[in-house]
Amino acid sequence: MSQQKETSMEQPAMRAEAGGQGHAAAAGKGESRLEAIAAGATIEADIHPELRAEDAVLEIQDFNLWYGDKQALYDIAMPVPRGKVTALIGPSGCGKSTLLRSVNRLNDLIDSVRIEGDMLLNGDSIYGRSVDVIELRRRMGMVFQKSNPFPMSIFENVVYPLRIDGEGNRNVLKEVCERSLKGSALWEEVQDRLGDSALGMSGGQQQRLCIARAIAAEPEVLLMDEPCSALDPIATSKIEELITDLRGEYSILIVTHNMQQASRVSDYTAFMYLGRLIEYGPTAEIFTNPHLKETEDYITGRFG
């Protein structure tokens, strides 16, 4: 496992070179990478060299996933940098959310799911046979598309992760609640009504409450699955500001269908198509000077 870990950050460079050769071959036949993928060809991802210099909190290694006989992810290999915001973009059905949900093994809840490959969280296998999935999920925070506050007070929503770990010290709980609500830019709005039901909050407040709950246990990685898709523009702007503020303190992996949002909040962007990783690099480069024409076509709205 240690040898695997030491070489994992070298793999993207080799894959980028292989990807360039694959694209040249496809172009020579008059077809794009995306056409080749649709025809069932194996095309290596173009991973920008800047990622080799990053310390990875999460390393995805040759990851494949099937729903029954249908393959949804193909040989995904990518590092997720520590303390940065990484966005997954691509057309609907490209595998973004499937990949994100694989990180905390939510896909295990589907009986037909089968996987190959592995993921390493700070060097620890996520899919090893001896992994305690409940303990694994405690190391991660998860924010879903639709806010899901529990039918309890604002205070109890925030400290819930500590409660289930057996923490009963009121002073500790109060300290974590305040810190988490400040971290989610919600403290000033709710500090005088912590005993009120969370269900009485606005949609944007509920989503920020879910972020506060997710960071209360100080997760090693924070997963966000289209956290603004159900929010109005004002609430969306507050969530985006929050993501920017959390950068550095947390390692964030976010799925978004909104490319403008990805360009605003992320440090790195990965473009996916039909279950494959196509191109992955610094967000500024992906959006202004991508290596691949297919990425440029998607970014500029020529397809998808």
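J.: Which residues make up the pairing of strand S4 (residues 85–89), and what are the values?
T.: Of all 5 residues in S4, 5 are buried; the element is thus mostly enclosed. In S4, alternate side chains face the same way, and those of Val85, Ala87 and Ile89 on one face and Thr86 and Leu88 on the other are all buried. The sheet contact formed by S4 and strand S10 (residues 268–273) spans 4 bridges and is parallel. Within S10, the position partnered with Ile89 by the bridge is Phe271.

J.: Could you give me a rundown of helix H10 (residues 233–246), with the residues and numbers involved?
T.: Taking 1.5 Å as the rise per residue, H10 with 14 residues should run 20 Å; its terminal C-alpha atoms sit 20 Å apart, in good agreement. The secondary structure elements touched by the buried residues of H10 are S4, helix H7 (170–183), helix H9 (203–215), strand S8 (221–225), strand S9 (252–255) and helix H11 (259–265). Where H10 starts, the residue carrying a side-chain oxygen 3.1 Å from the main-chain nitrogen of Ile234 turns out to be Asp232. Gly248 lies just past H10 and shows a positive phi near 95°.

J.: Residue-level account of the sheet that holds S10, with values.
T.: Strand order in the open sheet made by the 7 strands is S1-S11-S10-S4-S9-S8-S7, with mixed pairing throughout. Two strands in the sheet have a free side with no partner beyond their single neighbour: strand S1 (46–47) and strand S7 (140–143). Relative to S9, S8 runs parallel, the two being bridged by 4 bridges. Within S9, the residue paired with Met224 across the bridge is Ile254.

J.: Give a detailed account of the pairing of strand S2 (residues 56–67), specifying residues and quantitative values.
T.: Most of S2 sits out of view: 10 of its 12 residues are buried. The sheet contact formed by S2 and strand S3 (residues 70–81) spans 8 bridges and is antiparallel. Within S3, the residue paired with Phe63 across the bridge is Ile76. Hairpin connection between S2 and S3: a loop of 2 residues separates the two successive antiparallel strands, and Gly68 in this loop has a positive phi of roughly 65°. In terms of strand pairing, S2 meets strand S5 (residues 113–121) through 8 bridges, oriented antiparallel. Bridge assignment links Asn64 to a residue of S5, and that residue is Glu116.

J.: Outline the packing of helix H6 (residues 154–164) against H7, supporting the account with residue identities and numerical values.
T.: At a minimum axis separation of 9 Å, H6 and H7 run at an interaxial angle of 120°. In terms of crossing hand, the pair formed by H6 and H7 is right-handed. From H6, Phe155, Glu156, Val158, Val159, Leu162 and Arg163 reach across to H7, where they touch Arg170, Val172, Leu173, Lys174, Val176, Cys177, Ser180 and Leu181.

J.: If you had to explain the nonpolar core to someone new, which residues and values would you point to?
T.: Counting residues in hydrophobic clusters, the biggest one holds 36 residues, and the most contacted among them are Leu58, Ile76, Met78, Leu99, Met119, Ile126 and Leu277. The residues touching Met78, leaving out its near neighbours within four places in the chain, are Leu58, Glu59, Ile60, Leu88, Leu99, Ala270, Leu277 and Tyr280. Core analysis: the next-biggest nonpolar cluster, separate from the first, contains 33 residues, Ala214, Leu242, Tyr273 and Tyr298 among them.

J.: Hey, could you go over the side chain of Arg139 for me, with residue numbers and the actual values?
T.: The topology assignment puts Arg139 in the loop between helix H5 (133–138) and S7. Polar side-chain contacts of Arg139 include one of 3.4 Å to the backbone oxygen of Leu121. Within the local environment of Arg139, its side chain forms a polar contact with the side chain of Asp124, the two groups lying 3.2 Å apart. Among residues more than four places away in sequence, those in contact with Arg139 are Leu121, Asn122, Asp124, Pro219, Glu220 and Val221.

J.: Residue-level account of the packing of aromatic side chains, with values.
T.: Under the counting rule described, the total for this entry stands at 3 aromatic pairs. Ring geometry for Phe63 against Tyr127: centres 5.3 Å apart, planes inclined by 45°, an arrangement best described as tilted. A residue pair is termed long-range when its members are at least 10 positions apart, and Phe63 in strand S2 and Tyr127 in the loop between strand S6 (124–125) and H5 qualify at 64 residues. Among the residues examined, Phe63 registers a relative accessible area of 0% and is labelled buried.

J.: Quick one: what's the story with H9, residue by residue and with numbers?
T.: Taking 1.5 Å per residue, 13 residues should reach 18 Å; H9 reaches 19 Å between its end C-alpha atoms and fits that length. Here H9 lies mainly inside the structure; 12 of its 13 residues are buried.

J.: Tell me about the confidence of the model for the protein chain, and name the residues and values.
T.: With 89% of its residues at a pLDDT of at least 70, the protein chain reaches an overall mean of 89. Residue range residues 1–29 is modelled with pLDDT below 50. Its contacts to residues more than four positions away, or to other chains, number 39 contacts.

J.: I'd like to hear about the sheet that holds S5, residue by residue, with values.
T.: Strand order across the open sheet formed by 4 strands is S3-S2-S5-S6, with antiparallel pairing between neighbours. In the strand order of this sheet, the two ends are held by S3 and S6, each with one partner. Pairing of S5 with S6, which is carried by 2 bridges, proceeds in the antiparallel orientation. Across the sheet, Leu120 pairs through a bridge with Ser125, a residue of S6.

Rules used in this analysis
Residues numbered from 1 in each chain as written. Predicted model: local features only at pLDDT ≥ 70, side-chain atom pairs only at ≥ 80, totals over all residues. Heavy atoms only, no water. Buried < 20%, exposed > 50% of the residue type's maximum accessible area, 1.4 Å probe, protein only. Helix = DSSP H or I, 4+ residues; strand = E, 2+ residues; numbered from the N terminus. Pairing = 2+ DSSP bridges. Expected span 1.5 Å × (residues − 1). Contact = heavy atoms within 4.5 Å. Polar contact = N/O pair within 3.5 Å; in protein donor to acceptor, adjacent residues only side chain to side chain. Axes fitted to C-alpha atoms, helices over the stretch in contact; angles between N-to-C directions. Left-handed = near helix turned anticlockwise from the far one by under 90°. Core = buried A, V, L, I, M, F, W, Y, C linked by side-chain atoms within 4.5 Å. Phe/Tyr/Trp six-rings, centres within 6.5 Å; stacked < 30°, edge-to-face > 60°. pLDDT = per-residue confidence, 0-100.

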